[in-house]
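Topology and contacts: notes
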Amino acid sequence: MDRRKNGSKHHLLTDAHGTPMAATLTGANRHDVTQLLPLLDAAPAVAGVRGRPRRRFVVVMGDRAYHSEEHRRAVRARGSIPLLARRGEPHGSGLGAVRWPVERSLSWMHQNRRLRVRYDKRDDLHEAFMELAEAMICWSRLHSDFC
């Protein structure tokens with residue numbers, strides 16, 4: 001493992017349709033599992049049916065990078081069901097079939113050259129462009145649903 005890897009990683013939490021709910025920025029040498037709980041905690045309350053807005057997801061899906069028993073317990077403690085692929089088991093968990101909304105949203109985010117290739121040295125500027133890309137994805141999803 002190369003611990004001196006240059007660059008940055010974008011971690012994205014979406015709903016089932018690929019609408020971005022939260023995103024974080026880390027160095028490329030950080031492991032993905034470190035961002036699972038901060039992403040879940042950063043998700044805003046979502047209003048739906050009458051009553052108090054939801055603060056949790058029913059199911060949290062993730063690939064093998066997020067597998068950890070302590071993180072499974074933490075996801076359960078937040079009131080969600082963890083569907084995280086396990087390391088060392090053969091493929092066929094079915095998560096690849098439902099993972100494409102996240103990959104599609106990351107692809108839409110990286111269509112912005114400034115996010116695909118990082119030119120900014122300051123993290124706050126890069127995160128601002130990430131939030132702008134998230135807003136553009138939300139706007140295009142909302143626009144396509146009503147048109």
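Under the defined criterion, the tally for this structure stands at four salt bridges. Residue Asp 32 is joined to Lys 9 by a salt bridge in which the shortest nitrogen-to-oxygen separation is 3.0 Å. Remark: Lys 9 occurs in strand S1 (residues 8-14) and Asp 32 occurs in the loop between strand S2 (20-27) and helix H1 (36-42); sequence separation between them is 23 residues. With a closest N to O distance of 2.8 Å, Arg 78 and Asp 41 form a salt bridge. Of this pair, Arg 78 sits in the loop between helix H2 (69-77) and strand S4 (81-84) while Asp 41 is found in helix H1, placing the two residues 37 residues apart along the sequence.

What follows is about the nonpolar core. One finds Leu 13, Leu 36, Leu 37, Leu 40, Phe 57, Val 60 and Val 75 to be the most contacted residues of the largest nonpolar core, which totals 14 residues. Going through the elements one at a time, S2, H1 and H2 are the ones with two or more residues in this core. Per-element tally for this core: the top contributor is H1, with four residues. Other than its neighbours up to four places away in sequence, Leu 13 contacts Thr 19, Pro 20, Met 21, Ala 22, Leu 39, Leu 40, Ala 43 and Phe 57. Counting nine residues, the second-largest nonpolar core is a separate cluster that includes Leu 25, Leu 106, Met 109 and Met 130.

Where burial is concerned, the two faces of strand S3 (residues 59-62) differ: the one with Val 60 and Gly 62 is buried and the one with Val 59 and Met 61 is not. Note that S3 and S4 share four bridges and pair parallel. Within S4, the residue paired with Val 59 across the bridge is Ile 81. The handedness of the S3 to S4 crossover, carried by H2, is right-handed.

Most of S2 sits out of view: six of its eight residues are buried. Relative to S2, S1 is paired through seven bridges, and the arrangement is antiparallel. Within S2, the residue paired with Leu 12 across the bridge is Ala 23. Here S1 hands over to S2 after five residues, with Gly 18 in that stretch at a positive phi of 95°.

Within the element layout of this structure, His 11 appears in strand S1. A polar side-chain atom of His 11 sits 2.8 Å from a polar atom in the side chain of Thr 26. Among all residues touching His 11, those that are not within four sequence positions of it are Ala 22, Ala 23, Thr 24, Thr 26, Asp 32, Gln 35, Leu 39 and Tyr 66.

Parameters at a glance
Residues numbered from 1 in each chain as written. Predicted model: local features only at pLDDT ≥ 70, side-chain atom pairs only at ≥ 80, totals over all residues. Heavy atoms only, no water. Salt bridge = Lys/Arg side-chain N within 4 Å of Asp/Glu carboxyl O. Helix = DSSP H or I, 4+ residues; strand = E, 2+ residues; numbered from the N terminus. Core = buried A, V, L, I, M, F, W, Y, C linked by side-chain atoms within 4.5 Å. Buried < 20%, exposed > 50% of the residue type's maximum accessible area, 1.4 Å probe, protein only. Contact = heavy atoms within 4.5 Å. Pairing = 2+ DSSP bridges. Right-handed = clockwise from strand over helix to strand, strands pointing away. Polar contact = N/O pair within 3.5 Å; in protein donor to acceptor, adjacent residues only side chain to side chain.

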